[in-house]
Structures are given as C-alpha cells and as structure tokens.
Amino acid sequence: MNRYRGRFAPTPSGPLHFGSLVAALASYLDARQADGDWLLRIEDIDPPRCPPGAADTILRQLEAFGLHWDGPVHWQHARDDAYRTALDSLAARGLAYPCSCSRKQWRGYPTYPGWCRDGVRASGKPVAWRLRSDLGLRPVTWQDRLFGTQRFDPAELGDVVLERKDGLWAYQLAVVVDDADQGISEVVRGHDLLDNTPWQRQLQHALGHPEPRYLHLPLIMDGGGQKLSKQNLAPPLPTEDAAVRPLLHAALAALDQAPPEALSTAPVGEQLAWAIDAWSPARIRPVAERPRATD
Ligand code: GLU
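Predicted model, so just to flag it, every value in this text is computed and none were measured.

1. As for the overall build of the protein chain
Along its length, the protein chain carries eight helices and twelve strands. Taking 295 residues into account, the globule formula puts the C-alpha radius of gyration at 19 Å, and the protein chain, at 20 Å, falls close to it. Dimensions of the protein chain, computed from the C-alpha atoms along their principal axes, are close to 65 × 40 × 35 Å. Burial status across the protein chain gives 52% buried among its 295 residues.

Printed below as a string of structure tokens:
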C-alpha cells in the first residue's frame, strides 16, 4: 500500500484564522493517526496577494499549535518549471488553449463560452491558458470521505484558467502538479474547494497522475453567516500559549471530536496526543457550512 501523505496548503494572503486552523488540524490528525507524513506547502503563486511576512507568520502559528510538519516547506513560487512542463504537455495534446477574451466580453454567460477553443479571437493580445474541460475525463466522480459520492461534469463548470494573462500560474494547475510531485495520497480541506475538485481530477487524469482520496470539511462561518476568511478579516490565530490552548480545544469541538472539557487548558502536545488517538472523521457532521461554536 502507498504511504499516507497528507498536506496543508495555505495561501499566504494573510495570517491563519480559526477556519484555517480547523482545516490544518483535520489534515494533521488524519495523517498522524495513519502514521503518515504531513507536509506543508505555501501556495504563494500570486505575489501581489501575499504581503511580506505572511508566510512566516503562518509557520509560527502552526508551530504554536503544535502542528509540526515533515520535511522542508514546499514553496510554490519556486515551481515555475514544473508548472510550465505540465501546461506544455496539456497544450501539445490540445487539452489547453490560449484565450484572449476578457471577462467583460463574456459577462452575460455563467461560464466562459469557449470562444478561443479553435484559435484565439484577438491575435496579438495577451493570452491566458485555459483547460479544455469538454475533452477531458467526463463525468468526474469520486467518493468523498465525508460527503459521499460526488459527480460533476467539468464542461458545465467551464474552461478554467491554468495560466493567467499576467503570466501568473493559477491555483488549479499548481495544486495538481504539486500534489503529484509531493506524492500526496490524501487531500483534507474545506468544502469551498469541493467544486474545484472536478477540474483537478480532470487535470490529474490528463497528466497521468494518481488520484488522491478527498475529505472535504464543513466551512466555519462567523456570527454574521460569512465564511471565516482572510478577506473578511477573520481574527488571526494567536501564538501565545494561554490563548492557543482553548482555541485548539475549540477547533477539535468544531470537528465534532467531542474533546473532554478538562482538555481545554491542557498543553497543546497533550491535546494533540488525545486527538490523534481519538480522531474519527466519521463523527464530523456532513454539512457544507457551520457556525463557529462559542465555547
Ligand atoms: N491554498 C488553498 C487555500 O488556502 C488551499 C488549497 C488546497 O487545499 O487544495 O484555500
């Protein structure tokens, strides 16, 4: 059997918040219980969105919560060649194409209508590269470990961008290339990415990569019913131990692991040891979104 390899893959557009803690913790516990590796990948492919120092803050936050990763940190900014090779291979087989259209031009459509599939419409203009979602693996099905059988037709989701007009790599391509190169066997992440998985499965199939297993997690919402996110300025995770302990406990509760009350003041090492042993993804209620419990 292949070795279990999981990962946490934050975008350093700001510090981690409670929602990111829940995702990091679930993937950590899942890997550690399986005696597997847990890798850290910093998804910094979009430098304008990543303020200086944010990645360092993330590393310090993870350490404060006792979430120690295996091996060196994997940085996406250094992976240009690997992404280029993947895109070239798709393009050579007609599975990716250049597109000069602007979002304004297809404003009235739910997804990009594929106008450049048979040749760029406006030559001489900057181009993005898009996936031919109609030619690849269809439909895409998988057994999500929490949400059960999933079935999507990627062509209905549209020809997603793989390389942007400004030359920056897009998440869908980078994540697939890196998951494969890092030998990731298990993806544990938020429900907001569940409907990105069909494109990623299509890309894995086209590039001949193995299919990881997927466990998507309920998203944590704030009091106003908004997803906790860096954009919504969710409070950053603390790094002082006294504040870290109850928050780790709250994250275990948000994952429906029912941690004993007495554990809420215990050192992080003790909480994590209990949680690795007790970890049961089957206990997580399969809801797409859930309010953050106050405890
Ligand atoms: N970088 C993505 C994010 O921070 C997560 C990618 C993934 O887990 O596939 O939302």
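2. Focus: the pattern of salt bridges
Per the counting criterion, the structure on display carries 23 salt bridges. Close ionic contact of Arg49 with Asp46 constitutes a salt bridge, the shortest N to O distance being 3.9 Å. Its salt-bridge partner being Asp46, residue Arg164 comes within 3.1 Å of it at the nearest N-O pair. Linking Arg164 in the loop between β8 (161-163) and α5 (171-181) with Asp46 in the loop between β2 (37-42) and α2 (54-64), this pair joins segments that are 118 residues apart in sequence. According to the relative accessible area criterion, Asp46 is buried, its value standing at 11%.

3. Topic: the packing of helix α3 (residues 80-92) against α5
The N-to-C vectors of α3 and α5 enclose an angle of 110 degrees; their axes lie 10 Å apart at closest approach. One element, α3, and the other, α5, form an angle in the roughly perpendicular class. From α3, Ala82, Tyr83, Ala86, Leu87 and Leu90 reach across to α5, where they touch Leu173, Ala174, Val177, Asp178 and Asp181. Taken together, the residues of the contact of α3 with α5 sort by class into eight nonpolar, no polar and two charged.

4. So, the site of the ligand
Around the ligand, a shell composed of Arg7, Ala9, Pro10, Thr11, Glu43, Tyr171, Val175, Arg189 and Leu193 is seen. For the ligand, whose accessible area on its own is 300 Å², the fraction buried by protein is 79%. Of the residues contributing to the shell around the ligand, the split by class is five nonpolar, one polar and three charged.

5. Quick word on the nonpolar core
Note that soluble globular proteins tend to have their nonpolar side chains buried in a common cluster. Judged by nonpolar contacts, the single largest core of 46 residues is most densely connected at Phe18, Leu25, Trp38, Leu62, Phe65 and Leu67. Only α1 (18-33), β2, α2, β10 (213-217), α7 (241-254) and α8 (268-278) provide two or more residues apiece to this core. The element contributing the most residues to this core is α1, with ten residues. Apart from residues lying up to four places away in sequence, Leu67 is in contact with Leu21, Ala24, Leu25, Tyr28, Trp38, Leu62 and Leu272.

6. Examining the packing of aromatic side chains
Inspection of every chain in the model, using the stated rule, returns eight aromatic pairs. Ring centres of Phe8 and Trp38 lie 6.4 Å apart, and the angle between their planes is 15 degrees; this geometry places the pair in the stacked category. Placement of the pair is Phe8 in strand β1 (residues 5-8) and Trp38 in strand β2, with a sequence separation of 30 residues. Like Phe8, the residue Trp38 is buried in the burial classification. The structure contains a cluster of three or more aromatic residues connected by ring pairs, namely Trp106, Tyr109, Tyr112 and Trp115. Residue placement shows Arg130 over the ring face of Tyr112; its charged tip is 4.0 Å from the ring centre. Positioned above the aromatic ring of Phe18 is the side chain of Arg292, whose terminal nitrogen or guanidinium carbon lies 4.0 Å from the ring centre.

7. Here we look at the packing of α7 against α8
Between α7 and α8, whose axes approach to 10 Å, the crossing angle comes to 15 degrees. As far as their axial angle goes, α8 and α7 are roughly parallel. Note on packing geometry: the crossing formed by α7 with α8 is left-handed. Packed against α7, whose contacting residues are Asp241, Val244, Arg245, Leu248, His249 and Leu252, the element α8 presents Val268, Gln271, Leu272, Trp274 and Ala275 at the interface. Considering only residue class, the contact of α7 with α8 consists of seven nonpolar, two polar and two charged.

8. A short note on α7
If you check α7, its first and last C-alpha atoms are 20 Å apart, about what 14 residues at 1.5 Å a residue would give, namely 20 Å. Buried-residue contacts for α7 involve α1, α2, β11 (219-221), α8 and β12 (289-291). Looking one or two residues beyond α7, the residue adopting positive phi is Asp256, at roughly 60 degrees.

9. Some thoughts on the pairing of strand β9 (residues 186-190)
Taken across its five residues, β9 has five buried, putting it largely inside the fold. Pairing of β9 with β10 involves five bridges; the strand directions are parallel. The residue bridging Val188 from the neighbouring strand is Leu215, located in β10. This β-α-β element, β9 to helix α6 (residues 197-207) to β10, shows right-handed connectivity.

So, how was this worked out
Residues numbered from 1 in each chain as written. Predicted model: local features only at pLDDT ≥ 70, side-chain atom pairs only at ≥ 80, totals over all residues. Heavy atoms only, no water. Helix = DSSP H or I, 4+ residues; strand = E, 2+ residues; numbered from the N terminus. Rg over C-alpha atoms; globule rule 2.2 N^0.38 Å. Buried < 20%, exposed > 50% of the residue type's maximum accessible area, 1.4 Å probe, protein only. Salt bridge = Lys/Arg side-chain N within 4 Å of Asp/Glu carboxyl O. Axes fitted to C-alpha atoms, helices over the stretch in contact; angles between N-to-C directions. Parallel < 35°, antiparallel > 145°, perpendicular 65-115°, else oblique. Contact = heavy atoms within 4.5 Å. Nonpolar A, V, L, I, M, F, W, Y, C, P; charged D, E, K, R; others polar. Near = heavy atom within 4 Å. Areas by Shrake-Rupley, 256 points an atom, 1.4 Å probe, with all protein chains shown as cover. Core = buried A, V, L, I, M, F, W, Y, C linked by side-chain atoms within 4.5 Å. Phe/Tyr/Trp six-rings, centres within 6.5 Å; stacked < 30°, edge-to-face > 60°. Lys NZ or Arg CZ within 6 Å of the ring centre and 35° of its normal. Left-handed = near helix turned anticlockwise from the far one by under 90°. Expected span 1.5 Å × (residues − 1). Pairing = 2+ DSSP bridges. Right-handed = clockwise from strand over helix to strand, strands pointing away.

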